[in-house]
Amino acid sequence: MNFFSDIILMLDSSVRLAVPILLAALAGLYSERSGIVDIGLEGKMLGAAFAAAAVAAVTGSPWLGLLAAIAVSSFMAMIHAIASINMRGNQIISGVALNFLALGATVFVGHSWFKRGGSTPNLSTEARFSPIELPFAEQLGGIPIVGEIYEQLISGHNLIVYVAFLAVPVTAWVLFRTRFGLRLRAVGENPKALDTAGISVTRLRYQALIIGGILCGLAGAYLSTGQGASFSDNMTAGRGFIALAALIFAKWKPVPVLWTCLLFGVLSAAQIRLQGVEFPLIGEVPVQAIQALPYILTVILLAGFIGRSVAPKAVGQPYIKER
Amino acid sequence: MRAQKPLPRWVDIALMPALNVALAFVVGGLAVAAVGEDPFRAMQVLIFGAFGYGEGWGFTLHFATSFVFTGLAVAVAYHAGLFNIGGEGQAYVAGLGAIMVALWLDQTHWVFVLVGSTLAAMTFGAIWAMIPGYLQAKRGSHIVITTIMFNFIASAFMSYMLAQVITRPGANAETETIAETGRLPLLSEYFSAFTYSPLNITFFIGILALIFVYVLIWRTKLGYQIRTLGANPEAARYAGISAVAIIIIVMAISGALAGLMAVNEAVGVQKRLGVGYVQGFGFVGIAVAFMGRAHPIGIALAALLFGALYQGGQELAFVMPSVSSDLVVVIQALVILFTGAMSEMFKPVLLRLFNRGNGEPEPAGD
């Protein structure tokens, strides 16, 4: 019994750790399916995390914080759009620039605004997204296994967690069952075909990047006003790149993105738990080995040693409309 | 297409990058004004902090030396059409080789430490960069993604090494310190004007590296092959150039150059290796390489500018407490954005300007 509740606890923290990666990976999915490389997930998330925490701290409302987060992240997505769609610049360089912009600007603005060396003040409970108890959670909690899973694992997360998990089927539906999704997949593979059919490549890519901006906004707000209670310097700590890895690992498909993000969530939850634990035969596994595992797995997958992950064909190439 | 004259060469290689960098500084200035400080005074403080006195110069040149290495690393790969974002990880892993050899030879003489740690740093950096190179060349995995992943793997690997393997007992994840006899000489020992600045003998390795890259890229057969591959992979294939070999060699050279930063920073100044010693300087190399148009002269100037920004930025944060030194990171980001991703921003305006000067009629719009 004790072992079971241990597992539940660990899965619970895995879910919490998976959420920002999941949202960012879905953001990357829209963008890259449309043919725009998105190295800037990290930066957009970081900018959004700052905006959410700062606005929530000043106004006391997590909702205004969330709006600010989405605004900042979408604004950054638009810089990326102008550079890579209109100016036909290098999308990777633009993404790298966005990451540094967020890294520098959040601390620069935070430093002069709150005078706490780049962090924002701690948020009160009302200024954060608080846990939502699902109906009958307490009553059903008494039922062994099923009830416990319902009460402790499924119930009691904040709103953004549920939105993130809902975004997976919605994305799958949009991508594979709607006209927009068909066009989105097509524009990432063969933009010229769409252009010939009289559909605007520019417009589609802008739409994809805006959706990505909104999702990164949610991810950032989750970090600083859902999971945490303030913003601190570089608080995304590479999650945007893990999301990128998850996206590649899941071969740019929404449902596999969910499983990959949960797997990466379990790995980071395990890092904390496995410290100092002796395994039979291998002995103690260094924390750093588990830390590096998502990245190593992605490298191995990309190299085609286990399966193959092939990017949308037109990704990274600016589209030049013939005159 | 439009019947417009192309821009003169000097506009293309000098004026446009200068305008892009100027725009980055204008935006930076607006940011300073936004937090209620005078941007012109900030500029004065920054320039004085970087160039106003000997010690400032010493710090500026010291930072610039590191940026020359990481900038050249990005540039060399870029000539082959490869974007190496892994300079950060390569410099980090190179630190391991450099410090191990330096600690091994530190009872002999600094010359042995310099030569030994330089070779070790280059080897370790090269190996760490060759793996992504090999994976790109042989297995087709994208070099950008692989080098990003390798930065994180390097970070985990190095924190394990520093915490468990070559750690100084009782210390929080750092190595032993290099003994007095093996320490690299500071330039202040010869030129007292540099006073307490960390500028050391590695500065001259930086100058050698600049010359080496110029000769390599523009004066050797290998360089010709590298540029052909970067300009047109198809043409390179028909010319009988092996893309696999070139990619692996270029990445090795790139990693070796990034690795030299370890000699300057870890062996030369900190005299030990600590967690995260690279401090993002590997990424500054990206900005330096784009601003310098992947040419050694441009890189030297860009590295000097960023060296001045890093040194002057600290002075600025001291004099104007409401301006954080992270302003430098913002300007760095804007330089990457404007000179790298939006490099042709001013082209339409300049084209119109130069064509008007020649009295040619403006063709009808699109």
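Residues numbered from 1 in each chain as written. Chains lettered and ligands numbered in written order. Predicted model: local features only at pLDDT ≥ 70, side-chain atom pairs only at ≥ 80, totals over all residues. Heavy atoms only, no water.

> Would you mind going over the overall build of chain B in detail, with residue names and values included?
Regarding its fold elements, chain B presents 15 helices and zero strands. Relative to the compact-globule value of 21 Å for 366 residues, chain B shows a C-alpha radius of gyration of 22 Å, a close match. Counting the 366 residues in chain B, one finds 55% classified as buried. Within chain B, contacts between residues separated by at least 24 positions form 76% of all contacts whose residues are at least 6 apart in sequence. Carbon and sulfur atoms provide 65% of the accessible area of chain B, an area that totals close to 15600 Å². Each charge sign in chain B was given a centre, from 18 positive and 18 negative side chains, and these centres are 13 Å apart. (Helix = DSSP H or I, 4+ residues; strand = E, 2+ residues; numbered from the N terminus. Rg over C-alpha atoms; globule rule 2.2 N^0.38 Å. Buried < 20%, exposed > 50% of the residue type's maximum accessible area, 1.4 Å probe, protein only. Contact = heavy atoms within 4.5 Å. Areas by Shrake-Rupley, 256 points an atom, 1.4 Å probe, with all protein chains shown as cover. Lys, Arg positive; Asp, Glu negative; His and termini not counted. Charge placed at Lys NZ, Arg CZ, Asp CG, Glu CD.)

> Break down the state of the cysteines for me, citing the residues and quoting the values.
Residue and element names in this part refer to chain A. Within this structure, the stated rule accounts for zero disulfides over all chains. Residue C216 stays outside any disulfide, its sulfur separated by 12 Å from that of C261, the closest cysteine. Residue class for C261 comes out buried when judged on its relative accessible area of 0%. (Disulfide = S-S within 2.5 Å.)

> Outline the interface of chain A and chain B, supporting the account with residue identities and numerical values.
Across the boundary between the two partners, chain A contributes 40 residues, which contact 42 residues of chain B. A combined buried area of about 3500 Å² lies between chain A and chain B, and 81% of that area is made up of carbon and sulfur atoms. Area buried by chain A at its contact with chain B is led by I93, F100 and F108 of chain A, which between them contribute 21% of it. Scanning the region where chain A abuts chain B turns up two residue pairs in polar contact (both at pLDDT 80 or more). Class assignment of the residues belonging to the side of chain A that touches chain B gives a composition of 27 nonpolar, 11 polar and two charged. (Buried area = accessible area lost by both parts, 1.4 Å probe. Polar contact = N/O pair within 3.5 Å; in protein donor to acceptor, adjacent residues only side chain to side chain. Nonpolar A, V, L, I, M, F, W, Y, C, P; charged D, E, K, R; others polar.)

> Outline the packing of aromatic side chains, supporting the account with residue identities and numerical values.
All names here are of chain B. Under the defined criterion, the tally for this structure stands at 26 aromatic pairs over all chains. The structure contains a cluster of three or more aromatic residues connected by ring pairs, namely F59, F63, F67, F281 and Y310. The ring of Y238 has R237 lying over it, and the distance from NZ or CZ to the ring centre is 5.3 Å. (Phe/Tyr/Trp six-rings, centres within 6.5 Å; stacked < 30°, edge-to-face > 60°. Lys NZ or Arg CZ within 6 Å of the ring centre and 35° of its normal.)

> Can you explain the domain arrangement of chain B? Please cite residues and give values.
Residues and elements named next belong to chain B. When the domains of chain B are assigned, the result is domain 1 (1-37 + 322-366) and domain 2 (59-177 + 197-312). The straight-line distance from the C-alpha centre of domain 1 to that of domain 2 is 29 Å. The junction of domain 1 with domain 2 conceals about 1000 Å² of combined surface from both sides, 74% of it contributed by carbon and sulfur atoms. If you sort the residues of domain 1 by the area they bury against domain 2, V328, Q332 and I336 come out on top, with a joint share of 42%. In this assembly, domain 1 and domain 2 are joined by zero salt bridges. (Domains from an automatic or database assignment. Salt bridge = Lys/Arg side-chain N within 4 Å of Asp/Glu carboxyl O.)

> So what about the side chain of S14 of chain A? Which residues, and what values?
Mapping S14 of chain A onto the fold places it in helix α1 (residues 2-33). Beyond its immediate stretch of four places on either side in the chain, S14 of chain A contacts G265, V266 and A269 of chain A.

> Would you mind going over the nonpolar core in detail, with residue names and values included?
If you look at the biggest cluster of nonpolar residues, it comprises 194 residues, and the most contacted ones within it are I39 and V257 of chain A together with F67, F83, L257, Y277 and F306 of chain B. Tallying contributions element by element places α1 of chain A first for this core, with 13 residues. The residues that make up this core include at least three from each of domain 1 (1-37 + 322-366) and domain 2 (59-177 + 197-312) of chain B. In this structure, I39 of chain A is in contact with I92, G95, V96, N99, F241 and L244 of chain A together with V144 and I148 of chain B, ignoring residues within four places of it in sequence. (Core = buried A, V, L, I, M, F, W, Y, C linked by side-chain atoms within 4.5 Å.)

> Any chance you could break down the environment of V244 of chain B for me, citing the residues and the numbers?
Note that V244 of chain B resides in helix α10 (residues 243-259). Linking V244 of chain B and K138 of chain B, residues 106 residues apart in sequence, is a C-alpha distance of 6.6 Å.

> Tell me about a nonpolar patch on the surface, and name the residues and values.
Together, F204, I207, L208, I211, Y214 and V215 of chain B give the surface a local cluster of nonpolar side chains, amounting to about 520 Å² of exposed area. As for its placement among the helices and strands, I207 of chain B is situated in helix α7 (residues 202-219). (Patch = residues over 30% accessible without salt bridge, like charges linked within 9 Å, V, L, I, M, F, W, Y side chains within 5 Å.)

> I'd like a rundown of unusual backbone geometry, residues and numbers included.
A negative phi angle characterises most non-glycine residues, just as the trans form characterises most peptide bonds. A positive phi angle, near 60°, is found at W252 of chain A, a position not held by glycine. Looking at the element boundaries, W252 of chain A is found in the loop between α11 (239-249) and α12 (254-273). When its relative accessible area of 5% is taken as the criterion, W252 of chain A is described as buried. In this model, K271 of chain B sits at a positive phi of 60°, which is unusual for a non-glycine residue. Examined against the element boundaries, K271 of chain B turns out to sit in the loop between α11 (261-270) and α12 (281-291).

> Which residues make up helix α4 (residues 91-114) of chain A, and what values do they have?
Residue and element names in this part refer to chain A. A rise of 1.5 Å per residue sets the reference length of α4, with its 24 residues, at 34 Å; its end C-alpha atoms lie 34 Å apart and thus fit the reference within 8%. Along α4, 19 of the 24 residues are buried, which leaves the element largely enclosed by surrounding structure. Sitting at the amino-terminal end of α4 is N90, which places a side-chain oxygen 2.9 Å from the backbone nitrogen of I92. Immediately beyond the C-terminal end of α4, within one or two residues, lies K115, with a positive phi of roughly 55°. (Expected span 1.5 Å × (residues − 1).)

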